[in-house]
Amino acid sequence: MAALMAMFFGGAKAQEKPSVKLYGFIRNYACFDTRESLTSNSEQFYYMPKDEKLDANGKDINEQPNMMLLSITTRLGVNITGPEFLGAKTSAKIESDFAGFGTSNTVLRIRQAYAKMEWEKSSVLVGQAWHPIMGDMMPDVFSLETGAPFTPFSRSPQLRYDYKNKGFTLTATALYQYQYTSNGPDGSSFNYARNAVVPELYFQAMYKNGGFMIGAGVDFLAIKPRQSYTHTTTGENGETVTNTIKCNEDLAVGITPNIFASYKKGDWGFKGRVTYAQNASHLSMISGYGVTEIYDNGEQKYGALNSIGGWFDITKKEQLKKGYLTWCWFWGYTKNLGCNDDIVGPIYMRGEKNMDRMWRVAPSVLYTHNAMSIGIELDATTVAYGTPDSRYKVSDTHNVTNFRICTMLKYNF
């Protein structure tokens, strides 16, 4: 990245040297849960409580409280403003934290790393940044998952074009996966998208006027779950013959539309988004795909697992003599819609396979004074678990609830 920036800015005149600004924060999370749950990033990124797991005495093994305190989401970033290039204002960003994967789980990772060119009405961004499906509007909760899995959550390498005129913004983006990936036969991996060759595509239209914003977009994803497979046949003499065969299967596809809106007036703010997720596990949503047909030659057909998720939050900023309070009330809901065809083989998805629906209520308050912020968030997440049918639509449900208390201390610079 340093070499690329040197090439980018190398021809600039002395008076056009780039401006570099350091930013970031030291952030510590302490979280208490009343039961075992699906999480990531050392249990800081929260998805959902696990279903009951009864022992021989009928006691629920997953009803186990736990607690942790970590600072791996501490963040360091650099904003760069550079000289003009092809008539455009130029800028760049490098941002990282310590929530990567390693034996200690405190590995420096890239969050964002991109260069941007901006003209009067249009801009081009190249590099890793927030996925445009959620980058223009996020919930105001301070928990790490930021409303997921009720809303998309992802950062991806991308080529993004924006056109702005009279309050309207049109966005077209081509993306590939890296840190947030699809599931498949080899687990979670970016290889399924890479082997499909075609990029993920996202198109969006948005309108802003004062404190009001409304927008809609659609995401197109195609992945290749297998490069090869083993196929067993019977030989002429009745013997078993097993061969490895290169795949010529249709890609597993997904179309994920969403609509969102927000309104801000004075100290009050209102936001909401609804997303129809189809093969969208790479967006941290309850979704995926499954095998819907197995042909005589061993090849497979895939069908998307569908869900719908939505959230709404209300915020209020309260000014104090020293500093201010930010109140937030968050509600989220997601529903498993299953597959349009019968599943006859494995399924690959994010979330539990026997989940019917899930909802969350999460009020929080954050106190900020100068560089320091301290807050507490109460999170009640309930999942209705049951019995899936051949299309993975779930019935005969029972509810399982986890209560999470999350506190945060953050020093901004």
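The structure presented is a predicted model; accordingly, all values stated were derived computationally and were not measured. (Residues numbered from 1 in each chain as written. Predicted model: local features only at pLDDT ≥ 70, side-chain atom pairs only at ≥ 80, totals over all residues. Heavy atoms only, no water.)

## What to know about the pairing of strand 6 (residues 88-97)
For a regular strand, the rule is simple: side chains alternate between the two faces of the sheet.
Link 1 in the chain: A large share of strand 6 lies buried, amounting to 7 of its 10 residues.
Link 2 in the chain: Alignment of strand 5 (residues 75-85) against strand 6, held across 9 bridges, turns out to be antiparallel. Note on strand 6: the bridge partner recorded for Leu 76 is Ser 96.
Link 3 in the chain: In this antiparallel pair of consecutive strands, strand 5 and strand 6, the connection spans 2 residues, and Leu 86 shows a positive phi of 55°. (Buried < 20%, exposed > 50% of the residue type's maximum accessible area, 1.4 Å probe, protein only. Helix = DSSP H or I, 4+ residues; strand = E, 2+ residues; numbered from the N terminus. Pairing = 2+ DSSP bridges.)

## Observations concerning the environment of Asn 279
Link 1 in the chain: Here Asn 279 shows up in the loop between strand 16 (268-278) and strand 17 (288-294).
Link 2 in the chain: Accessibility expressed as a relative area gives 0% for Asn 279, which makes it buried.
Link 3 in the chain: For the pair Asn 279 and Asn 354, spaced 75 residues apart in sequence, the C-alpha separation works out to 17 Å.
Link 4 in the chain: With sequence-adjacent residues up to four places away left out, Asn 279 is seen in contact with Leu 221, Ile 223, Ala 252, Val 253, Gly 254, Ser 287, Gly 288, Tyr 289, Ala 304 and Leu 305. (Contact = heavy atoms within 4.5 Å.)

## Some points on the environment of Ala 280
Link 1 in the chain: Examined against the element boundaries, Ala 280 turns out to sit in the loop between strand 16 and strand 17.
Link 2 in the chain: Under the relative-accessibility criterion, Ala 280 is labelled buried at 0%.
Link 3 in the chain: For the pair Ala 280 and Gly 254, spaced 26 residues apart in sequence, the C-alpha separation works out to 7.0 Å.

## Observations concerning the packing of aromatic side chains
Link 1 in the chain: Under the definition given, this model contains 13 aromatic pairs.
Link 2 in the chain: Plain terms: the ring middles of Trp 311 and Phe 330 are 6.2 Å apart, the flat faces sit at 25° to each other, and that makes the pair stacked. Highlighted residues: Trp 311 in strand 18 (residues 300-319) and Phe 330 in strand 19 (residues 324-339), separated in sequence by 19 residues. With respect to class, Trp 311 is no different from Phe 330; both count as buried. (Phe/Tyr/Trp six-rings, centres within 6.5 Å; stacked < 30°, edge-to-face > 60°.)

## Observations regarding the side chain of Thr 334
Link 1 in the chain: Relative to the elements of secondary structure, Thr 334 occurs in strand 19.
Link 2 in the chain: Aside from chain neighbours lying at most four places away, what touches Thr 334 is Phe 150, Ile 286, Ser 307, Ile 308, Gly 309, Met 355, Arg 357 and Met 358.

## Regarding the pattern of salt bridges
Link 1 in the chain: Per the stated rule, a full pass over the model turns up 14 salt bridges.
Link 2 in the chain: When the shortest N-O distance is used, the salt bridge between Asp 60 and Arg 35 registers 2.9 Å. On the criterion of sequence distance, the pair formed by Asp 60 in the loop between strand 3 (45-49) and strand 4 (66-70) and Arg 35 in the loop between strand 1 (19-33) and strand 2 (37-40) is long-range, its members being 25 residues apart.
Link 3 in the chain: Residue classification places Asp 60 among the buried residues on the basis of a relative accessible area of 15%.
Link 4 in the chain: By relative accessible area, which is 5% here, Arg 35 ends up buried.
Link 5 in the chain: Between Arg 109 and Asp 97 there is a salt bridge, with the nearest N and O atoms lying 2.7 Å from each other. Here Arg 109 is found in strand 7 (residues 109-118), whereas its partner Asp 97 is found in strand 6, with 12 residues between them in sequence. Taken individually, Arg 109 and Asp 97 each receive the classification buried, so the pair is uniform in this respect.
Link 6 in the chain: Where salt bridges share partners, they join Glu 95, Asp 97, Arg 109 and Arg 111 into one cluster. (Salt bridge = Lys/Arg side-chain N within 4 Å of Asp/Glu carboxyl O.)

## Some words on the confidence of the model for the chain
Link 1 in the chain: Summarising the model, the chain shows a mean pLDDT of 93, and 95% of its residues fall at 70 or more.
Link 2 in the chain: When pLDDT is averaged over each helix and strand of the chain, the minimum, 52, is found for helix 1 (residues 2-9) and the maximum, 98, for strand 10 (residues 168-175). (pLDDT = per-residue confidence, 0-100.)

## Side note on the pairing of strand 2
Link 1 in the chain: As paired strands, strand 2 and strand 3 are joined by 4 bridges and run antiparallel to one another. Within the sheet, the bridge partner assigned to Thr 39 lies in strand 3 and is Tyr 46.
Link 2 in the chain: Between strand 2 and the antiparallel strand that follows it, strand 3, lie 4 residues; Asn 41 among them carries a positive phi value of about 50°.

## Considering a nonpolar patch on the surface
Link 1 in the chain: Among the surface-exposed residues, Leu 22, Ile 26, Leu 76, Met 372, Ile 374, Leu 409, Tyr 411 and Phe 413 lie close enough to one another that they form a single nonpolar patch of about 730 Å² accessible area.
Link 2 in the chain: Relative to the helices and strands, Ile 374 is located in strand 22 (residues 372-388). (Patch = residues over 30% accessible without salt bridge, like charges linked within 9 Å, V, L, I, M, F, W, Y side chains within 5 Å. Areas by Shrake-Rupley, 256 points an atom, 1.4 Å probe, with all protein chains shown as cover.)

## A closer look at the state of the cysteines
A covalent bond bridging the sulfur atoms of two cysteines is what the word disulfide describes.
Link 1 in the chain: A complete count under the given rule lists 0 disulfides for this structure.
Link 2 in the chain: No disulfide involves Cys 31; its sulfur sits 3.0 Å from the nearest other cysteine sulfur, which is in Cys 406.
Link 3 in the chain: Exposure remark for Cys 31: the relative accessible area of 2% places this residue in the buried category.
Link 4 in the chain: Take Cys 339: it sits in no disulfide, and the sulfur closest to it among the cysteines is that of Cys 247, at 19 Å. (Disulfide = S-S within 2.5 Å.)

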